[in-house]
Amino acid sequence: GIATTMYPYIVGLTGSKDACLATLVSCGIPPKKEDTWRTLADLTADEKKKLVDALLPYLTTSSTAESALGQLIGTVYTLLKEDEHSPLHDAREFGVLLDACSRMGQAGVAVAICMGDRDQSLHEGEELLASYRRVLNRCVRSLLGDDERITEYSKSILLSGDGVVNESMLSPLATILSSISRFHGRVLIIKTATESGQFKISARKTLGSGELSSLGLIFQEASKMCNGRGGGTRSSAGAKIPISKLETFVKQVNSKL
């Protein structure tokens, strides 16, 4: 449902069932049919349009509304042999569940599910997915609720996850945070200190940040100058650098954006 969605993360709704129910009721969408909760597949075309119209202001400003629609509307791949009430029924959710198992340190559960276990391993996977979402939601709230963790530059925003974000959660958090309208128009960069005494850094292009050189190439070049390593794609990147080189790294990245 809306309350558990992370991609995109909807500030004010993700993690809040009461707020989601209030939003549905306010736009005239009954959340239940008799005693059964309705799913997105149960909504009529008119109700889906109302839902999109209600969610769009949470995601973006009017200037980037057209682009933000792509976060809400897309192709759904349904796995017909999976139970329709299982997270495996939607291929995207299937992928998120497998990723959650891995990032929560239980990759074996993901392997068992892929090999066909729809009993104990699937139950464990669903619990891991719920825990994973709680961890991500807690991290997002901690970062957004502390302005001292946010440093703004002309073309980027740097968030410090030190002491809050585990390095295994950094990449999905970067993706989640890049969908938040507060950060649109600039490249989103998030860092956290690792157990090995380095900074792990992830970055994402956001809506309205314009045409950029390859973010992966920028990170690759900047990390080399800092005795680290990095890379990525045109719109996402990551790096590991010595803690003492953070200021130099950020300066190099911003000079190339």
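Preceding block: the structure.
Residues numbered from 1 in each chain as written. Predicted model: local features only at pLDDT ≥ 70, side-chain atom pairs only at ≥ 80, totals over all residues. Heavy atoms only, no water.

A. Here's a closer look at the overall build of the protein. Scanning the protein from N- to C-terminus turns up nine helices and eight strands. Computed over C-alpha atoms, the radius of gyration of the protein comes to 20 Å, within 12% of the 18 Å expected from 2.2 N^0.38 for 257 residues, which places it in the range of a compact globule. C-alpha extents for the protein along the principal axes are approximately 60 × 45 × 30 Å. The contacts in the protein between residues at least 6 apart in sequence include a share of 51% that link residues at least 24 apart. As displayed, the protein has an accessible area near 13,800 Å², and 51% of this comes from carbon and sulfur atoms. Of the charged side chains in the protein, 30 are positive and 29 negative, and the gap between their average positions amounts to 8 Å. (Helix = DSSP H or I, 4+ residues; strand = E, 2+ residues; numbered from the N terminus. Rg over C-alpha atoms; globule rule 2.2 N^0.38 Å. Contact = heavy atoms within 4.5 Å. Areas by Shrake-Rupley, 256 points an atom, 1.4 Å probe, with all protein chains shown as cover. Lys, Arg positive; Asp, Glu negative; His and termini not counted. Charge placed at Lys NZ, Arg CZ, Asp CG, Glu CD.)

B. Broad picture of the sheet that holds strand 3 (residues 150-152). Strands sit in the order 3-4-5-6-8-7 across an open sheet of six strands; the sheet is mixed. Each of the sheet's edge strands pairs with one partner strand only, and the pair in question is strand 3 and strand 7 (229-232). Each strand of the sheet is rotated relative to its neighbour by a mean of 15 degrees, with strand direction disregarded. (Pairing = 2+ DSSP bridges. Axes fitted to C-alpha atoms, helices over the stretch in contact; angles between N-to-C directions.)

C. Structural view of the nonpolar core. Val140, Leu159, Leu173, Leu177, Phe183 and Ile190 are the most contacted members of the largest nonpolar core, which totals 34 residues. Secondary-structure elements contributing two or more residues to this core are helix 4 (91-103), helix 5 (107-114), helix 6 (120-144), strand 4 (156-160), helix 7 (170-178) and strand 5 (187-193). Non-local contacts of phenylalanine 183, meaning those with residues more than four positions away in its chain, are made with Leu144, Ile157, Leu159, Leu177, Leu188 and Thr206. Grouped together as the second largest cluster of nonpolar side chains are 20 residues, Ile189, Ile201, Ala239 and Phe249 included. (Core = buried A, V, L, I, M, F, W, Y, C linked by side-chain atoms within 4.5 Å. Buried < 20%, exposed > 50% of the residue type's maximum accessible area, 1.4 Å probe, protein only.)

D. Up close: the environment of leucine 246. Looking at the element boundaries, leucine 246 is found in helix 9 (residues 246-256). Note: C-alpha distance between leucine 246 and isoleucine 201 (45 residues apart in sequence) is 9.7 Å. Sequence-distant contacts of leucine 246, defined by excluding residues within four places in its chain, comprise Lys191, Phe199, Ile201 and Ile241.

E. Layout of the packing of helix 5 against helix 6. One way to put it is that helix 5 packs onto helix 6 with a least axis distance of 9 Å and a crossing angle of 130 degrees. For the element pair helix 5 / helix 6, the angle class is oblique. In this structure, helix 5 crosses over helix 6, and the sense of that crossing is left-handed. Touching Val109, Ala112 and Ile113 of helix 5 are Ser121, Leu122, Glu124, Gly125 and Leu128, all from helix 6. A per-class count over the contact of helix 5 with helix 6 returns five nonpolar, two polar and one charged. (Parallel < 35°, antiparallel > 145°, perpendicular 65-115°, else oblique. Left-handed = near helix turned anticlockwise from the far one by under 90°. Nonpolar A, V, L, I, M, F, W, Y, C, P; charged D, E, K, R; others polar.)

F. How the structure looks around helix 8 (residues 215-224). Here helix 8 has its buried residues at Leu215, Gly216, Ile218, Phe219, Ala222 and Ser223. Burial along helix 8 is one-sided: seen end-on, the buried residues are contained in an arc of 160 degrees. Contacts from the buried residues of helix 8 go to strand 5, strand 6 (198-204), strand 7, strand 8 (236-242) and helix 9. (Arc of directions from axis to C-beta.)

G. View of the environment of threonine 14. Positionally, threonine 14 belongs in the segment before helix 1 (17-26). Threonine 14 sits 123 residues away from asparagine 137 along the chain, and the two C-alpha atoms are 7.7 Å apart. Once residues within four sequence positions are removed from consideration, threonine 14 is found in contact with Ile2, Ala3, Thr5, Met6, Pro8, Tyr9, Asn137 and Arg141.

H. Representation of the packing of helix 6 against helix 7 within the structure. It is at 11 Å that the axes of helix 6 and helix 7 come closest, and there the two elements cross at 60 degrees. In terms of axis orientation, helix 6 runs oblique to helix 7. Relative to helix 7, helix 6 is oriented so that their crossing is right-handed. Facing helix 6, whose interface residues are Tyr132, Leu136, Cys139, Val140, Leu143 and Leu144, helix 7 presents Pro172, Leu173, Ile176 and Leu177. When grouped by side-chain class, the residues that make up the contact of helix 6 with helix 7 number ten nonpolar, no polar and no charged.

I. Representation of the pairing of strand 6 in the model. Among the seven residues that make up strand 6, five are buried, leaving the element largely enclosed by the rest of the structure. Here strand 5 pairs with strand 6 via six bridges, running antiparallel. Within strand 6, the residue paired with leucine 188 across the bridge is arginine 204. Once strand 5 ends, the chain turns through four residues before running back antiparallel as strand 6, passing glycine 197 with a positive phi of about 85 degrees.

Worth remembering: the numbers are spatial, not functional.
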